[in-house]
Amino acid sequence: MTTVATHLVQALVAAGVQRIYGVVGDSLNSIVDAVHHSKKIEWIHVRHEEAGAFAASAEAQLTGKLAICAGSCGPGNLHLINGLYDAHKTLAPVLAIAAQIPSSEIGTGFFQETHPENLFKECSHFCQLVATEKQMPRLLQIAMQTSISRGGVSVLVLPGDVASAEMTSKELQHRIFHPRPAIQPASEELQKLSYLLNNAERATIFGGAGCAEAHEEVLLLAKLLQSPVVYSFRGKEFLEYDNPYAAGMTGLLGTASGHYALEKADLILMLGTDFPYTAWYPKNARIVQIDSRAEHLGRRCKLELGLVGDTRTTIKSLLPLIKPKKSSRHLKLCREKYEETANSLEQHARTTKPGQPLHPEYATKVISDLADRDAIFTVDTGMTAVWAARYLEMKEGGRLIGSFNHGSMANALPHAIGAQLAYPKRQVFSLSGDGGFTMLMGDILTLVQYDLPIRLVIFNNSTLGMVKLEMRVAGLEDFGVDLKPTNFAKMAEALGIRGIRVENGDDLKESIKTALRHRGPLLLDIVTDPNALAFPPRINAKEVAGYGLFLVKQTLHGKLFESIDDLKGSLP
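Just so you know, these numbers come straight off a predicted model, no measurement behind them. (Residues numbered from 1 in each chain as written. Predicted model: local features only at pLDDT ≥ 70, side-chain atom pairs only at ≥ 80, totals over all residues. Heavy atoms only, no water.)

Enquirer: Please give an account of the packing of helix α15 (residues 360-370) against helix α22 (residues 508-517) that cites residues and values.
Expert: For the pair α15 and α22, the least separation of the axes is 10 Å and the interaxial angle reads 45°. The angle between α15 and α22 places the two elements in the oblique class. Seen from above, α15 lies across α22 with right-handed handedness. Of α22, the residues touching α15 (which contributes Tyr362, Ala363, Val366, Ile367 and Leu370) are Leu508, Lys509, Ile512, Lys513 and Leu516. Among the residues forming the contact of α15 with α22, the class breakdown is eight nonpolar, no polar and two charged. (Axes fitted to C-alpha atoms, helices over the stretch in contact; angles between N-to-C directions. Helix = DSSP H or I, 4+ residues; strand = E, 2+ residues; numbered from the N terminus. Parallel < 35°, antiparallel > 145°, perpendicular 65-115°, else oblique. Left-handed = near helix turned anticlockwise from the far one by under 90°. Contact = heavy atoms within 4.5 Å. Nonpolar A, V, L, I, M, F, W, Y, C, P; charged D, E, K, R; others polar.)

Enquirer: Mind laying out the sheet that holds strand β15 (residues 428-433), listing which residues take part and the relevant values?
Expert: With parallel pairing, six strands are arranged side by side in an open sheet as β14-β13-β15-β16-β18-β17. Of all strands in the sheet, those bounded by a partner on one side alone are β14 (399-402) and β17 (498-502). Sheet twist, expressed as the average angle between the axes of neighbouring strands with direction ignored, equals 20°. One ladder, built from five bridges, connects β17 with strand β18 (residues 522-527); its direction is parallel. (Pairing = 2+ DSSP bridges.)

Enquirer: Got a sec to walk through unusual backbone geometry? Specific residues and values, please.
Expert: The omega angle of the peptide bond from Met136 to Pro137 is 10°, so this bond is cis rather than trans. By the secondary structure assignment, Pro137 is in the loop between β5 (126-129) and α7 (138-150). At Lys39, a position not held by glycine, the phi torsion is positive, near 70°. With respect to the helices and strands, Lys39 occurs in the loop between α2 (29-38) and β2 (42-45). Despite not being glycine, Ser462 has its phi angle at roughly 60°, a positive value. Tracing the sequence through the fold places Ser462 in the loop between β16 (455-460) and α20 (465-473). Accessibility expressed as a relative area gives 17% for Ser462, which makes it buried. (Buried < 20%, exposed > 50% of the residue type's maximum accessible area, 1.4 Å probe, protein only.)

Right, dumping it as structure tokens:
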């Protein structure tokens, strides 16, 4: 007899799925049993369903393939929601199996009853209850195809009794398609675009995650336009490396050079970015936006022209229409600013004297310098994201994953789990603060369970650094942000993981080299300066609060800022 659960697992295998992340529970028993007998798909037993959803999100982002997570009825699948929001906002193709109580009990207030078909609507493209076995395989086909085609989450709500029922139909059972359409604007729209670019004196390219697989094309366009290339945090991994036109990141995580290249432009060409912080768009430049999703056009800034197309195909068709610029003055000035900014940042990435706490900037730079070219970095939200944005140097083939759109804490460890399982032979670094790490710390045991050689790096400053900054920016005194000092290296050793604690700058490089030589999971507990963010306890920056508060010592220089423009002008 082929049950709904057996068919579901067989269909996932046929779609190329290699693993399901989840925690077992009685409402999932038939599915888990089908996995057990399949031998072609693996059940990854995480310690918390939220970690499973984050892991699936990372796997989907890195591979571009469908990834799966599952939660048992009620509280089990509720735990998935934060990781599913992360996946959906990142356009990662993830299918969540939300088990449900027996179908005959739905609506009675039964034990563990919830209504996932309502709960997950906001973080999914497709979310449906499988009320009868007759709806399979059709709903499963729709769910998988929707996630793959649109990018994002689909949810199937599956009562345990329906999962155990015998399949009665195989209509609409077929393979899943992975469309990769080449999208470009119409020829007359390309003519309009080329006219604007050819007549601009100081064009700046601003790229995001939509520039993946378009590195060469972006650089060819930048060469013709003599244009600096600015990028968002999600665009950093695709545009920073081997780029003689790079001008850095913009925004509060970015640097003065990225901001400068945008402010000095008379035309900005946005390529595959939906950068959300409206205050950081220049007020005087004309802006053209190209995005594969029409709904993104013009929702962040006023546009001169908005076009639908993928970055690579559009640039290829645009290049023959572009006249090479004779003047490189704008590019040279922006590159000089970029070098000046890099030198300024370098001053903070230095070792400290014996007995002095390490600077997190220095630790991040050393990790970046010693990591493999194709290393995968997962970055927690908070001050760790600041250090990663400024001191991780992306190389060709390297990847950078974080909760950049959803902004959740605790994402780095579970993201790293998904990354390492997807790419077992590549270096994977999880970069967290002590606050973010401890939120989902239980899944450090998943590393032990599967012997995942992840390098867990903890910037241990005994405080919630980002929240402390937010309080000070709001003119408040620090409260509720300090954490009791913890020796995470000793904790790791107790769990069967190699733990290394670094308290002196002179020990850092050798400790990281040891971590890279180690073959199993390893935790690097780097004790960093709790005063690395020190500045006056009250900062008058009223406008900053609405645009994100990624403020660091080298950003503020101990000054008081009356407006967002004052702050932008003081970025390093």
